[in-house]
Amino acid sequence: MRPIQMVDTKTQYHKIKAEVDKAVLDVLESTAFINGKPVHEFASALSAYLGIKHTIPCANGTDALQIALMAIGCEPGDEVITPSFTYIATTEVIALLRLKPVFVEVDPQTFCMDPVSLEKAITPKTKAIVPVHLYGQSAPMEAIMAIANNHNIYVIEDNAQAIGSEYTFSNGTVQKTGTIGHIGATSFYPSKNLGAFGDGGAIFTNDDDLAARMKMIANHGQSRQYYHDVVGCNSRLDTVQAAILNIKLKHLDEYAAARRAAADYYDKAFAGEQKITTPFRASYSKHVFHQYTILLEGVDREGLKKSLAEQGIPAMIYYPVPGHRQKMFSHTGEAFPDMPVTDWLTERVISLPVHTELDEEQLAFITGKIKAFIHS
Ligand SMILES: *Cc1c(COP(=O)(O)O)cnc(C)c1O
């Protein structure tokens, strides 16, 4: 059996190695390391794939969120609503821009933003909502957009974990995640569903003005070279990464299918296990399983994790500390509201290996060992 990893980027690379190697060597030969042709080709290809007007490549997913927040014209102290139960990048950029993160609860089944909690958190200072399509499943975008439109608030989708995922509206319209709000942001970190061989990110929008602003912000606030209209930053996608992403984008749907097949295997293997809740698949969402995250009830989670590790099976807790309990906010004296659902989930989640290269032998081994531990 091949060794089991959380993500197997090497096996995936070897399947497209000849094409990738040639594309990288072509960039080296061109020496157009910054802003080369592949960057523009990739932006166009991704726009076409997502069905969006503008794609602005940038250096990473955290920058993508930051540039999006900079573009909507926030004033210090403005509030931005985001879930506590997520990766810290979303919250971090809010705080970094001297905006106030306002945490809301997630739904205990989907792990995504709870619209009831969201509605309650809105104040006259709310400037934006940043829902996260956590683990590869769309947040309930129809409800979120309705609330945002009612209150005239921007929606910036954190699509770092869900590129290729879709949301189906009640009228039957299907849209790719990241293209539903005013702005979408994503990451091409190597382990993400569309992973580069280094850092990368992108921002999407259908709004021409926002696109122009974000392009300018990502490029030192320049309208033309050496004329700086606004305070921006320096955030670019390397040409080498764009050349690789161009090739991998063609495989994205097939990669999602492979992740979903692994998730199906796990679901079947754990069916009937009282102590395991397998991921809920919302009817409105196409889940692309960036993570396969189960909930444990009455199981020693640390013991399971350790036992699996000893048998060559990695597993991860995403994430051990929710945003509202991070030390980074302890100096502010700010008391965040209680987040019972978030705390409940934080104690119970565990993410199992899920990627494009898992085979049945590996899946049988993983599920067998988990069941053995639970019944021991
Ligand atoms: C990975 C991730 C990010 C940040 O992306 P980077 O490219 O690592 O900066 C932001 N939000 C979520 C939900 C993520 O998973």
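Attention here is on the structure that accompanies the text. Every value quoted in this text rests on a predicted model; they were computed, and no experiment measured them. (Residues numbered from 1 in each chain as written. Predicted model: local features only at pLDDT ≥ 70, side-chain atom pairs only at ≥ 80, totals over all residues. Heavy atoms only, no water.)

**Brief notes about the overall build of the protein**
Looking only at helices and strands, the protein features 13 helices and 15 strands. Taken over C-alpha atoms, the radius of gyration comes to 21 Å for the protein, in line with the 21 Å a tight globule of 376 residues would show. Seen through its C-alpha atoms, the protein measures out along the principal axes to roughly 70 × 55 × 45 Å. A total of about 16,400 Å² of accessible surface is found on the protein, and carbon and sulfur atoms cover 52% of it. Where the 34 positive side-chain charges of the protein centre and where its 42 negative ones centre are 3 Å apart. (Helix = DSSP H or I, 4+ residues; strand = E, 2+ residues; numbered from the N terminus. Rg over C-alpha atoms; globule rule 2.2 N^0.38 Å. Areas by Shrake-Rupley, 256 points an atom, 1.4 Å probe, with all protein chains shown as cover. Lys, Arg positive; Asp, Glu negative; His and termini not counted. Charge placed at Lys NZ, Arg CZ, Asp CG, Glu CD.)

**Brief notes about the site of the ligand**
In the region of the ligand, the neighbouring residues are N60, G61, T62, T86, Y87, A89, V132, D158, A160, Q161, S187 and K192. One of the backbone N or O atoms of G61 is found 2.8 Å from an oxygen atom in the ligand. Take T62: an N or O atom from its side chain is 2.5 Å from an oxygen atom of the ligand. In the complex, the protein chains occlude 93% of the 380 Å² of accessible area that the ligand would expose alone. Here the shell around the ligand is composed, by residue class, of four nonpolar, six polar and two charged. (Near = heavy atom within 4 Å. Polar contact = N/O pair within 3.5 Å; in protein donor to acceptor, adjacent residues only side chain to side chain. Nonpolar A, V, L, I, M, F, W, Y, C, P; charged D, E, K, R; others polar.)

**Considering the sheet that holds strand β6 (residues 166–168)**
Reading across from one edge, β7-β6-β13 is the order of the three strands in this open sheet, with antiparallel pairing throughout. Of all the strands in the sheet, just β7 (174–176) and β13 (285–286) have a single pairing partner and so form its edges. Across three bridges, β6 lies against β7 in antiparallel orientation. Residue pairing for β7: Y167 is matched across the bridge by Q175. (Pairing = 2+ DSSP bridges.)

**Some points on the nonpolar core**
The biggest cluster of nonpolar side chains holds 58 residues, and the ones touching the most others in it are Y292 and I370. Counting residues per element, the ones that place at least two in this core are β3 (100–104), α6 (115–121), α7 (141–151), α10 (252–270), β14 (292–296), α11 (301–310), β15 (349–352) and α13 (360–375). Top element by residues in this core is α7. It accounts for five residues. Listed in part, the 27 residues of the second largest apolar core include I56, A64, L99 and I203. (Core = buried A, V, L, I, M, F, W, Y, C linked by side-chain atoms within 4.5 Å. Buried < 20%, exposed > 50% of the residue type's maximum accessible area, 1.4 Å probe, protein only.)

**Some details on empty space enclosed by the protein**
Enumeration over the complete set of coordinates arrives at one cavity of 30 Å³ or more. There is about 100 Å³ of room inside the largest cavity. Lining the largest cavity are 15 residues, and of these V7, T9, Q12, R259 and T356 lie nearest its centre. Listed by contribution, the elements that provide at least two residues to the lining of the largest cavity are α1 (9–15) and α10. (1 Å grid on protein atoms, 1.4 Å probe; cavity = no way out; pocket = protein on both sides within 12 Å on 5 of 7 lines; lining within 4 Å. Points joined across faces, edges and corners; volume = space filled by probe spheres on them.)

**A closer look at the packing of α10 against α13**
The interhelical angle for the contact between α10 and α13, taken along N-to-C directions, is 35°, at an axis separation of 10 Å. The interaxial crossing formed by α10 with α13 has right-handed handedness. Across from A262, Y265, Y266, A269 and F270 in α10, the residues of α13 making contact are E360, L363, A364, I366, T367, I370 and K371. Tallied by class, residues from the contact of α10 with α13 come to nine nonpolar, one polar and two charged. (Axes fitted to C-alpha atoms, helices over the stretch in contact; angles between N-to-C directions. Left-handed = near helix turned anticlockwise from the far one by under 90°. Contact = heavy atoms within 4.5 Å.)

**Things to note about the pattern of salt bridges**
Pairs can form between side chains of opposite charge once their charged atoms are near each other. Counting across every chain of the model gives 16 salt bridges. Ionic pairing is found between E347 and R348, a salt bridge with its closest N-O pair at 3.7 Å. The structure contains a network of salt bridges with shared partners spanning R2, D8 and D359. (Salt bridge = Lys/Arg side-chain N within 4 Å of Asp/Glu carboxyl O.)

**Here's the deal with the side chain of T82**
Within the secondary structure layout, T82 lies in strand β2 (residues 79–83). Residue classification places T82 among the buried residues on the basis of a relative accessible area of 0%.

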